Amino acid sequence: ASSNIQEVLDFLQKHIRKVGTEQAVKDFQRGLNILNKYNKKSPIEAKRPIDEDGILGNQTYSCLENICQKYTPKIVQKYVRRGAVNNAIFDTKNDGRIDTDKRVLNIYKDLSKEKTNVRW
């Protein structure tokens, strides 16, 4: 599982270089929450929603460890992309100066290893 965690963290590092630490971690946190279905009542604390605060702390890391026991890095990366897209849409949808569709396409492009063979 630790190699899976490292693979996901390497992916996150690439995203950090594109959008900065705080935004990348917020996207990461949102993706983990979506993957865990925002389950507030889970008996497992690591499966409960984490704060989407942009801080890569113990809560986020525990959630990541738990997720990497069940899912492959590819699945986790897919949900990080979803988190990034969700955040981009929510953050820009009411701002007429920002082309939300273009931003979403850029996120897909930036967070895809295989630029031609992407499945969402």
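Higher on the page you've got the structure.
Worth saying up front: this structure is predicted, and the values here are computed from it rather than measured. (Residues numbered from 1 in each chain as written. Predicted model: local features only at pLDDT ≥ 70, side-chain atom pairs only at ≥ 80, totals over all residues. Heavy atoms only, no water.)

*Asks:* Residues and numbers for the packing of helix 1 (residues 2–19) against helix 2 (residues 21–35), please.
*Replies:* At a minimum axis separation of 7 Å, helix 1 and helix 2 run at an interaxial angle of 135 degrees. It follows that helix 1 is oblique to helix 2 by the angle criterion. Our pair here, helix 1 against helix 2, has a crossing hand that is right-handed. Along its contact with helix 1, which presents Val 8, Leu 12, His 15, Ile 16 and Val 19, the element helix 2 presents Thr 21, Gln 23, Ala 24, Asp 27 and Phe 28. Split by residue class, the contact of helix 1 with helix 2 holds 6 nonpolar, 3 polar and 1 charged. (Axes fitted to C-alpha atoms, helices over the stretch in contact; angles between N-to-C directions. Helix = DSSP H or I, 4+ residues; strand = E, 2+ residues; numbered from the N terminus. Parallel < 35°, antiparallel > 145°, perpendicular 65-115°, else oblique. Left-handed = near helix turned anticlockwise from the far one by under 90°. Contact = heavy atoms within 4.5 Å. Nonpolar A, V, L, I, M, F, W, Y, C, P; charged D, E, K, R; others polar.)

*Asks:* Residue-level account of the packing of helix 2 against helix 4 (residues 73–92), with values.
*Replies:* At a minimum axis separation of 7 Å, helix 2 and helix 4 run at an interaxial angle of 115 degrees. With respect to helix 4, the axis of helix 2 lies roughly perpendicular. As for how helix 2 packs across helix 4, the hand of that crossing is right-handed. For the pair helix 2 and helix 4, the contacting residues are Gln 23, Lys 26, Asp 27, Phe 28, Arg 30, Gly 31, Leu 32, Ile 34 and Leu 35 in the first and Ile 75, Val 76, Tyr 79, Val 80, Arg 82, Gly 83, Ala 84, Asn 86, Asn 87, Phe 90 and Asp 91 in the second. Residues that form the contact of helix 2 with helix 4 fall into these classes: 10 nonpolar, 5 polar and 5 charged.

*Asks:* Describe the nonpolar core, listing the residues and the values that go with them.
*Replies:* Formed by 23 residues in total, the largest nonpolar core has its most connected members in Val 8, Phe 28, Leu 32, Leu 64, Ile 67, Val 76 and Ile 107. Contributions of two or more residues to this core are made by helix 1, helix 2, helix 3 (58–70), helix 4 and helix 5 (100–110). For this core, the leading source of residues is helix 4, giving 6 residues. The contact partners of Ile 107, leaving out residues within four places of it in the chain, are Arg 81, Ala 84, Val 85 and Ala 88. (Core = buried A, V, L, I, M, F, W, Y, C linked by side-chain atoms within 4.5 Å. Buried < 20%, exposed > 50% of the residue type's maximum accessible area, 1.4 Å probe, protein only.)

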